[in-house]
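# Working through the structure, step by step
Single-letter residue listing:
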Amino acid sequence: MRSEKHHKGWNEIKTNDSWAIFKIMGEFVNGFERMSKIGPCVSIFGSARTKEEDPYYKLAVSIAKSIAEAGYGVITGGGPGIMEAGNRGANLAGGTSVGLNIDLPFEQHDNPYIDNDKSLDFDYFFVRKVMFVKYSQGFVVMPGGFGTLDELFEAITLIQTHKIGKFPIILVGSEFWTGLMDWVKGTMLKMGNISPEDLNLIKIVDTEEEVVEIIDSFYKGHSMSPNF
């Protein structure tokens, strides 16, 4: 016989939610305490499904290596694919390699290139996202899926609404990103739903040299610090 799924009542949900506050608080406290010690970092985002032989995986390794050699740490989501490539590049350069891992039923597992003392595990996406935004001096966004787009547009929204300070947002892979940005400019901007200045910090590039140049150039005129 098929077992019936247990549906929680409102009182049970209320009780569980009340206790969840302490778990959420614990993730924030642990994240803030550990991330505040790592220094200036750049976050690299992209698909967990990208294979090692993929050109974008290899490019992500080179970008992360160049970022680390320029004196920045690298933060990724801690999983496979582009995230692994980012940590791998930082590791190759002897730089700071941070992984903010999330507990998922598929795709996600720790990659072996994260510094032993800089691997953090999260149950809550929103806590993890706060860590990315607060402690990143820039976002490097490789080709990815919905999760990658989520991180990208959240950062743009927070900068647009002045909830965080400005930082570079770099889209890597003109073949992948040009269609999206053409739509943003040709539809969203044309209809007046965004302002031209909202797009000023978004750059599309294809090489690791361009990534580091954009970040270094930006911080010649801006100080480095947590974003809020």
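As shown above, the structure is provided for reference.
From a predicted model like this one, the values you see are computed outputs, not experimental measurements.

### Points about the pattern of salt bridges
- All chains considered together, the criterion is met by seven salt bridges.
- A salt bridge links Lys65 to Glu69; the nearest nitrogen and oxygen atoms lie 2.7 Å apart. With Lys65 and Glu69 both in helix H2 (residues 55–69), this residue pair falls four residues apart, about one helical turn.
- For Lys65, a relative accessible area of 30% gives the class partly exposed.
- In this structure, the salt-bridge partner of Asp117 is Lys118, at a minimum N-O distance of 3.2 Å.
- Through salt bridges with shared partners, one network takes in Asp115, Asp117 and Lys118.

### Some points on a nonpolar patch on the surface
- Taken together, the side chains of Trp19, Ile21, Phe22, Met25 and Val29 present a nonpolar region at the surface, about 570 Å² in accessible area.
- For Trp19, the location among the structural elements is in helix H1 (residues 10–35).
- Judged by relative accessible area, Trp19 falls into the exposed class, the value being 63%.

### Examining the sheet that holds strand S5 (residues 136–141)
- Taken together, the seven strands give an open sheet; going across it, the order is S4-S3-S2-S1-S5-S6-S7, and neighbouring strands pair in parallel fashion. Because the sheet does not close on itself, it has two edges, and the strands there are strand S4 (119–122) and strand S7 (202–205). Neighbour-to-neighbour, the strand axes of this sheet turn through a mean angle of 20 degrees, independent of strand direction.
- Taken together, the three bridges between strand S2 (residues 73–76) and strand S3 (residues 97–102) define a ladder with parallel strand orientation. Within S3, the residue paired with Ile75 across the bridge is Val98.
- H2 rests against strand S1 (41–45), S2, S5 and strand S6 (169–172) of the sheet, and its axis sits at about 175 degrees to S1.
- Strands in contact with helix H5 (residues 146–160) are S1, S5, S6 and S7; relative to S6, the strand with the most contacts, it is inclined by about 150 degrees.

### Topic: the environment of Ala48
- Along the chain, Ala48 falls in the loop between S1 and H2.
- Take Ala48: its relative accessible area is 19%, and that puts it in the buried class.
- Distance in space between the C-alpha atoms of Ala48 and Gly77 is 9.1 Å, their sequence separation being 29 residues.

### Description of unusual backbone geometry
- Notably, His162 is not glycine yet its phi reads approximately 60 degrees, a positive angle.
- Residue position: His162 is located in the loop between H5 and S6.
- The exposed category is assigned to His162, whose relative accessible area is 68%.

### A look at the packing of H2 against helix H3 (residues 82–92)
- Close contact between H2 and H3 brings their axes to 7 Å; oriented N to C, the two are set at 40 degrees. Comparing their axes, H3 and H2 come out oblique. Read as a crossing pair, H2 and H3 show a hand that is right-handed. Every residue of H3 that contacts H2 at Tyr56, Tyr57, Ala60, Val61, Ala64, Lys65 and Ala68 is listed here: Ile82, Glu84, Ala85, Gly86, Arg88, Gly89, Ala90 and Leu92.
- In terms of residue class, the contact of H2 with H3 is made up of 10 nonpolar, two polar and three charged.

### Side note on H5
- Over its 15 residues, H5 runs 21 Å from end to end, which matches the ideal 21 Å to within 8%, given 1.5 Å per residue.
- Considered for burial, the residues of H5 that qualify are Thr148, Glu151, Leu152, Ala155, Ile156 and Ile159. In an axial view of H5, the angular spread of the buried residues amounts to 125 degrees, which keeps them on one side of the axis.
- Structurally, H5 contributes buried residues whose contacts are with S1, helix H4 (125–135), S5, S6, helix H6 (174–189) and S7.
- Looking at the residues trailing H5, positive phi occurs at His162, about 60 degrees.

### With respect to a negative patch on the surface
- On the surface, a cluster of negative charge is made up of Asp206, Glu209, Glu210, Glu213 and Asp216.
- Looking at the element boundaries, Asp216 is found in helix H7 (residues 208–218).
- Note on Asp216: relative accessible area 31%, which makes it partly exposed.

Calculation rules
Residues numbered from 1 in each chain as written. Predicted model: local features only at pLDDT ≥ 70, side-chain atom pairs only at ≥ 80, totals over all residues. Heavy atoms only, no water. Salt bridge = Lys/Arg side-chain N within 4 Å of Asp/Glu carboxyl O. Helix = DSSP H or I, 4+ residues; strand = E, 2+ residues; numbered from the N terminus. Buried < 20%, exposed > 50% of the residue type's maximum accessible area, 1.4 Å probe, protein only. Patch = residues over 30% accessible without salt bridge, like charges linked within 9 Å, V, L, I, M, F, W, Y side chains within 5 Å. Areas by Shrake-Rupley, 256 points an atom, 1.4 Å probe, with all protein chains shown as cover. Pairing = 2+ DSSP bridges. Axes fitted to C-alpha atoms, helices over the stretch in contact; angles between N-to-C directions. Contact = heavy atoms within 4.5 Å. Parallel < 35°, antiparallel > 145°, perpendicular 65-115°, else oblique. Left-handed = near helix turned anticlockwise from the far one by under 90°. Nonpolar A, V, L, I, M, F, W, Y, C, P; charged D, E, K, R; others polar. Expected span 1.5 Å × (residues − 1). Arc of directions from axis to C-beta. Lys, Arg positive; Asp, Glu negative; His and termini not counted. Charge placed at Lys NZ, Arg CZ, Asp CG, Glu CD.

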